[in-house]
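Breakdown of the fold
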Amino acid sequence: MSKFRKLRTGLHLVIVILLTLLGRHFYDGWQKTQVAKEIVTLCELPPIPYELEVLHASIVEKNVSLTVSGPDKIFDTWLGEIDKWRDNRPFQVLNFTIRESESTIRMEFSAELRK
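These figures come from a predicted structure and were not determined experimentally. (Residues numbered from 1 in each chain as written. Predicted model: local features only at pLDDT ≥ 70, side-chain atom pairs only at ≥ 80, totals over all residues. Heavy atoms only, no water.)

Here we take up unusual backbone geometry. Backbone geometry at glutamate 44 places phi at a positive 55°, although glycine is not the residue there. With respect to the helices and strands, glutamate 44 occurs in the loop between helix 1 (3-43) and strand 1 (53-60). Non-glycine residue glutamate 61 carries a positive phi angle of around 55°. Within the element layout of this structure, glutamate 61 appears in the loop between strand 1 and strand 2 (63-69). Accessibility expressed as a relative area gives 70% for glutamate 61, which makes it exposed. (Helix = DSSP H or I, 4+ residues; strand = E, 2+ residues; numbered from the N terminus. Buried < 20%, exposed > 50% of the residue type's maximum accessible area, 1.4 Å probe, protein only.)

This paragraph deals with the nonpolar core. One finds Ile39, Cys43, Leu45, Leu66 and Phe109 to be the most contacted residues of the largest nonpolar core, which totals 23 residues. Secondary-structure elements contributing two or more residues to this core are helix 1, strand 1, strand 2, helix 2 (72-87), strand 3 (93-100) and strand 4 (106-113). Non-local contacts of phenylalanine 109, meaning those with residues more than four positions away in its chain, are made with Cys43, Leu45, Val64, Ser65, Leu66, Trp85, Phe96, Thr97 and Ile98. (Core = buried A, V, L, I, M, F, W, Y, C linked by side-chain atoms within 4.5 Å. Contact = heavy atoms within 4.5 Å.)

What follows deals with the side chain of threonine 67. Mapped onto the elements of the fold, threonine 67 is located in strand 2. The contact partners of threonine 67, leaving out residues within four places of it in the chain, are Glu53, Val54, Leu55, His56, Arg106, Met107 and Glu108.

With that out of the way, let us pick up the confidence of the model for the protein. Low pLDDT means the predicted atomic positions in that stretch should not be read closely. In this model, the protein carries a mean pLDDT of 91, and residues with pLDDT of at least 70 account for 99%. Mean pLDDT in the protein bottoms out at strand 3, which sits at 89, and peaks at strand 2, which reaches 94. (pLDDT = per-residue confidence, 0-100.)

Once that is clear, we can look at the sheet that holds strand 4. Within the open sheet, the four strands sit side by side as 1-2-4-3. Their pairing is antiparallel. Each edge of the open sheet carries a strand with a single partner, namely strand 1 and strand 3. The mean inter-strand angle of the sheet, taken between neighbouring strand axes irrespective of direction, is 10°. Taken together, the seven bridges between strand 3 and strand 4 define a ladder with antiparallel strand orientation. Counted as the bridge partner of valine 93 is leucine 113 from strand 4. Each of strand 1, strand 2, strand 3 and strand 4 touches helix 1; the most contacted strand, strand 1, lies at about 65° to it. Lying on the sheet, helix 2 is in contact with strand 2, strand 3 and strand 4; it crosses strand 3 at an angle near 150°. (Pairing = 2+ DSSP bridges. Axes fitted to C-alpha atoms, helices over the stretch in contact; angles between N-to-C directions.)

It is worth spelling out the pattern of salt bridges at this point. Using the criterion set out here, one finds four salt bridges in the structure. Across the pair arginine 24 and aspartate 28 runs a salt bridge, and its minimum N-O distance is 3.3 Å. Placement of both arginine 24 and aspartate 28 in helix 1 is noted, with a separation of four residues, approximately one turn of the helix. Between aspartate 83 and arginine 86 there is a salt bridge, and its shortest N-O distance comes to 3.6 Å. Here aspartate 83 and its partner arginine 86 are both found in helix 2, three residues apart, which amounts to about one turn of the helix. The class for aspartate 83 is partly exposed, based on a relative accessible area of 39%. Judged by relative accessible area, which is 34%, arginine 86 ranks as partly exposed. (Salt bridge = Lys/Arg side-chain N within 4 Å of Asp/Glu carboxyl O.)

This is the structure we're talking about:
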């Protein structure tokens, strides 16, 4: 095998690895967003604005978990909607906790659902 052919094969391998990692990154982000939308639907939460970032979202049997962060003003407006939701929470939400971080702009929501 010539040096040029080895170099070309090595570069192809690096490109395939980088594209695989990039694809996985975008797929994980898309999946997180889809799970967050499902949590919003199940718990009848206010819709998450596009500007807010979903840091974590998971559904395990009857338990849901959601972590959201974003810009100050939009985040505060959305938290106001969450406070209204808290007063009239839906029947299917049994136990829930909402924790707001003091050091960063972040909110963690977890709940147990009736199914």
